[in-house]
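What follows is the residue order along each chain.
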2 protein chains.
Amino acid sequence: MYKVAIIGYGNLGKGVSLALEKVDDIECVGIFTRRDPASVKPVTDLKVYSVDELEKYKDKIDVLILCGGSATDLPDQTAKYLENFNTVDSFDTHARIPEYYEKLSKVASKSKKLSAISIGWDPGLFSIARALFSSVLPSGNDYTFWGKGVSQGHSDAIRRIEGVVNAIQYTIPKQEAIDSVRNGSNPTLTTRDKHLRECFVAVADDADKEKIESQIKNMPNYFADYDTIVNFVSDEEVKAMQKKLSHGGFVFRSGDTSSENGQLLELCLKLDSNPEFTGSVLLAYARAVARLSKEGKSGVYTVFDIPLKYLSPKSEDYLRSTLL
Amino acid sequence: MYKVAIIGYGNLGKGVSLALEKVDDIECVGIFTRRDPASVKPVTDLKVYSVDELEKYKDKIDVLILCGGSATDLPDQTAKYLENFNTVDSFDTHARIPEYYEKLSKVASKSKKLSAISIGWDPGLFSIARALFSSVLPSGNDYTFWGKGVSQGHSDAIRRIEGVVNAIQYTIPKQEAIDSVRNGSNPTLTTRDKHLRECFVAVADDADKEKIESQIKNMPNYFADYDTIVNFVSDEEVKAMQKKLSHGGFVFRSGDTSSENGQLLELCLKLDSNPEFTGSVLLAYARAVARLSKEGKSGVYTVFDIPLKYLSPKSEDYLRSTLL
C-alpha cells in the first residue's frame, strides 16, 4: 500500500478524498490543514490534522498531494514540503511553470525527493495530447479549446468590480470553430473566434448595470478580446450555478503526412466535476511518484517524464496483454 | 542526426519514407528489401539495398524501422535483427503480444539492443489512451471503436472464397453505439452493437452470388457475429477503393468519480492514410529508441514504458514552457 496525505481541503482536496475511494492500493494517512482541524468536515472517512503536525509523519507518508492554489499556495508550499517529502501538485499557471520547475529542482537536488508538478487535465492530460500529437504528426497545427466550464480567474475578476455581489463566468468553445478544425480545414483562429465568455452577475440593488456590463466587456486581458455575454441574475441563482463545477475541452492536432493525406487527432474531455477529476488524476500520479521514489529516483517530473506504466495499479504483464 | 533504415517497402515502408520528409533530426541510410533492389521504386529520394547487405551497415544505423507484416514477417525478423540492431515495429496481433515480448526480451538481454514493439495507433496511441484513461478514471468502462476503415484481414478472408476475384471490407462503427457512450449512459454493447461490416466484392462471371453472400455473412470469427452488408461490384471499383487506405476510430473511458459526477474521456483519430500515419508514429518512436539506446538502455519497450519527452524533437525546456 502506498501512503499519501492530502494537504489543503478545498474542492480539490475533496476530489482527492473521493478518488481514494476508487483505488485499492493507496491509503491516506490523513488530511493536513492550516485551519482548525475540528472545523474541517471530510467528505469521506479520513482523519484531519493540523499542518503543523506534518513533520511527525515524515517517515509514514510516501507522497504529499498538494491541493492548494497556484497563485499563492503552491509556489512557496511545494518548495518547503519537498525538503522532507515527495510531492504531487496541480500547479497550473502555464507561464510560470519553467520558473517553478527551476526552483523545485534546486530543492529536490538537495533533498533527493521527487516532485511531480502541473498534474491534472490542463496542464496534464491536455499536455500529454499536445506533446504526443505533435511528435507523431510533426506537420500540422495545434488547437486547444476549453469548456464549457467555469473560469475561476474570470469569475474573480468580475467580483472585484464595484457593485457586483457575486458572479460566475463560463468559458464556451465556439461550435463553428470546433467544426472548422474537425473538418480538417486547418483554420487560423483568433482568440475571439475560439471562445465565448458568458457571465452571470448578481449586483447590489442600486448598482448601475449598464456601467458594470461595459466594465466587464472592456476589461483588458480578461474580456476585451472576446465576445462576452453578461446576464444579470440573483445571488441565489449564481450560488446555485457555483455548485456545479463541470468543465472539459478539446485538444486537436490537424495536419498531413503527404500532399494527399490529412490526419486529425482529437482528445476530448467532458467532466461533470473539474476538481473531482483533477483529484483523480493527482492520485494516479501520486502512485507514480511513490513508485519512482522507491526505485531511487528524485527530481522534478512532469507528465512528459513519467512512463504510463507507473500510473496504473495493474502489472506490466496485464497492461501488455490487455490494454496494448 | 539519428540514423534509421527502412526494412521492407510496402505501404508502411512508403509511409515511413514520407514521414522522414517531415523531420529534420533523422536521416535514412536506406531501404533494405528482400526483393531485387532495382525493382523497388522509392516514393522519396532514398537508396535501396538488398537486405543481405544489412550487416555491413551495423555501425551506421541507430534504429531499424521494421515495416513487415505481423502474421509472418515480424515474429521471425525482429528476433533476428535485434541481435545486431535496435528496432521499432508495428506488431499488431494483440493476442500474441505477450509471447512476442518474451521472445524478444531473451534476444535483447543478450545483445543489449533495444526494441520498441507494437507501435502505431492500435496498438499504439489507442493503447496509451486505454492505459492513461483507466489509470486516471479507475471507476468506469472502456470502449474502443474502429473505422470507418479497411480491415485487411477481413478483405483477405473474403478473397479466399471460391468465385471471388477481389474484395474490400470496411469496418464501420455504429453511430448509435458511439452516441450512447458519448451521452454517458455506460451501455453494455455486444460485438454486433458496436460495428457494422460492409463488403465490396467482385466475383467471376459464373459465380453464385447468393451462395457467396451467405458464405461471407456466416463466416465464423470474421462476420457471423456482425451485421454485414455485401455489395457486388466490378473489379475496377474494388481496385479504386483499395487506393484509399483511410481509417481511424475512438477510445472512450466513461466513468464516475462520485455518485454525483460522471466523467467522459475520448480519443478520436480520423486518418486519410492508415499506413502513412502509422509510419509517422513509427518514426517518432524510432527517435525515442535511438535516444534511449544512447543512454545505455536496452530491452523490449512498449508505449507504456517510454516517457513522451523521448518522442519529441523539441527540448525538454521547450516542452515544459510551450506544451505543458
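An account of the accompanying structure is given in this report. (Residues numbered from 1 in each chain as written. Chains lettered and ligands numbered in written order. Predicted model: local features only at pLDDT ≥ 70, side-chain atom pairs only at ≥ 80, totals over all residues. Heavy atoms only, no water.)

Some details on the sheet that holds strand 13 (residues 262-271) of chain B
The following threshold applies: One bridge is not enough; two strands pair if DSSP finds at least two bridges between them. In DSSP terms, a helix is any run of H or I states spanning at least four residues, a strand is any run of E spanning at least two, and both are numbered starting from the N terminus. Only C-alpha atoms enter the line fits that serve as axes; for helices the fit covers just the stretch in contact. Angles between N-to-C directions range over 0 to 180 degrees. Every residue pair with non-hydrogen atoms within 4.5 Å of one another is taken to be in contact.
Read across the open sheet, the six strands follow the order 7(A)-12(A)-13(A)-13(B)-12(B)-7(B); overall the sheet is antiparallel. Where the open sheet ends on each side, the last strands, each with one partner, are strand 7 (140-146) of chain A together with strand 7 (140-146) of chain B. Going from strand to strand, the sheet's axes swing by 5° on average, the running direction of each strand aside. Looking at chain direction, strand 7 of chain B and strand 12 (residues 247-256) of chain B are connected through seven bridges and run antiparallel. If you follow Phe145(B) over to strand 12 of chain B, its bridge partner there is Phe250(B). Together, strand 12 (247-256) and strand 13 (262-271) of chain A together with strand 13 of chain B form the strand contacts of helix 10 (residues 274-294) of chain A, whose direction differs from that of strand 13 of chain B by roughly 75°. The strands touched by helix 6 (residues 175-182) of chain B within the sheet are strand 13 of chain A together with strand 7, strand 12 and strand 13 of chain B, with strand 12 of chain B carrying the most contacts at an inclination of about 35°.

Comments concerning helix 10 of chain A
Residue and element names in this part refer to chain A. Cut-off, in case you're wondering: To estimate the expected span of a helix, count its residues, drop one, and scale the result by 1.5 Å. Here the term buried applies to any residue with accessible area under 20% of the maximum for its type, exposed to any over 50%, and partly exposed to those in between, with areas from a 1.4 Å probe on protein chains only. Here a polar contact means two N or O atoms within 3.5 Å. Within protein one must be a hydrogen donor candidate and the other an acceptor candidate, and residues neighboring in sequence count only if both atoms are side-chain atoms.
With 21 residues, helix 10 should cover 30 Å at 1.5 Å per step; its first-to-last C-alpha distance of 30 Å lies within 8% of that length. With 18 of 21 residues buried, helix 10 lies mostly within the body of the structure. With a side-chain oxygen lying 3.1 Å from the backbone nitrogen of Glu 276, the N-terminal cap of helix 10 falls on Ser 273.

Structural notes on the pairing of strand 4 (residues 63-66) of chain B
Residues and elements named next belong to chain B. Filter applied, for reference: A clockwise course of the path from the first strand over the helix to the second, judged with the strands pointing away from the viewer, identifies a crossover as right-handed.
Burial along strand 4 is two-sided: Val 63 and Ile 65 and Leu 64 and Leu 66, pointing in opposite directions, are all buried. As paired elements, strand 4 and strand 5 (residues 86-88) share three bridges and run parallel to each other. Of the residues in strand 5, the one forming a bridge with Val 63 is Asn 86. Read from strand 4 through helix 2 (residues 73-81) to strand 5, the crossover connection turns out right-handed.

Comments concerning the relation of the copies chain B and chain A
The following threshold applies: The least-squares superposition of copies is restricted to C-alpha atoms, and to residues with a pLDDT of at least 70 in both copies.
Rotating chain B by 180° about the axis while translating it 0.0 Å along that axis superimposes it on chain A, leaving an RMSD of 0.0 Å. Both copies of the chain, as the preceding transformation shows, are related through a two-fold rotation axis. Comparing interface residues between copies, 100% of those in chain B also lie at the interface in chain A; the contact surface is shared.

Section: the packing of helix 10 of chain A against helix 4 (residues 125-136) of chain B
To keep things clear, this is the line we draw: The cut-offs work like this: below 35 degrees is roughly parallel, past 145 is roughly antiparallel, 65 to 115 is roughly perpendicular, and the gaps in between are oblique. Amino acids are sorted into nonpolar (Ala, Val, Leu, Ile, Met, Phe, Trp, Tyr, Cys and Pro), charged (Asp, Glu, Lys and Arg) and polar (every other residue, Gly among them).
Contact geometry for helix 10 of chain A and helix 4 of chain B: axes closest at 8 Å, N-to-C directions at 110°. Comparing the axis directions of helix 10 of chain A and helix 4 of chain B gives the class roughly perpendicular. Contacts from Phe277(A), Ser280(A), Val281(A), Ala284(A) and Tyr285(A) in helix 10 of chain A reach Leu132(B), Ser135(B) and Val136(B) in helix 4 of chain B. Grouping the amino acids of the contact of helix 10 of chain A with helix 4 of chain B by side-chain chemistry returns six nonpolar, two polar and no charged.

Quick word on the interface of chain B and chain A
Put simply, the rule is: Values labelled buried area give the accessible surface lost by two parts on being combined, using a 1.4 Å probe and summing over both. Take a side-chain nitrogen of Lys or Arg and a carboxyl oxygen of Asp or Glu: if they are within 4 Å of each other, that pair is a salt bridge.
Between chain B and chain A, the residue contacts involve 65 residues of the former and 65 residues of the latter. With both chains or domains summed, chain B and chain A bury close to 5,700 Å², and 61% of this area falls on carbon and sulfur atoms. The largest per-residue losses of area from chain B upon contact with chain A belong to Phe304(B), Arg320(B) and Leu324(B), which jointly make up 15% of the total buried on that side. In this structure, the connection of chain B to chain A is made through four salt bridges. Linking Lys22(B) and Asp256(A) is a salt bridge whose minimum nitrogen-to-oxygen distance equals 2.8 Å. At the junction of chain B and chain A, the tally comes to 36 residue pairs in polar contact (both at pLDDT 80 or more). Of all the secondary structure elements, the ones that give two or more residues to the side of chain B that touches chain A are helix 3 (97-111), helix 4, strand 13, helix 10 (274-294) and helix 11 (316-323) of chain B. Counted by class, the side of chain B that touches chain A contains 33 nonpolar, 16 polar and 16 charged residues. Sheet topology note: the strand 13 of chain A/strand 13 of chain B ladder contains nine bridges and is antiparallel. Bridge pairing in strand 13 of chain B links Lys270(A) to Leu264(B).

Spatial relationships are all this shows, so hold off on functional conclusions.
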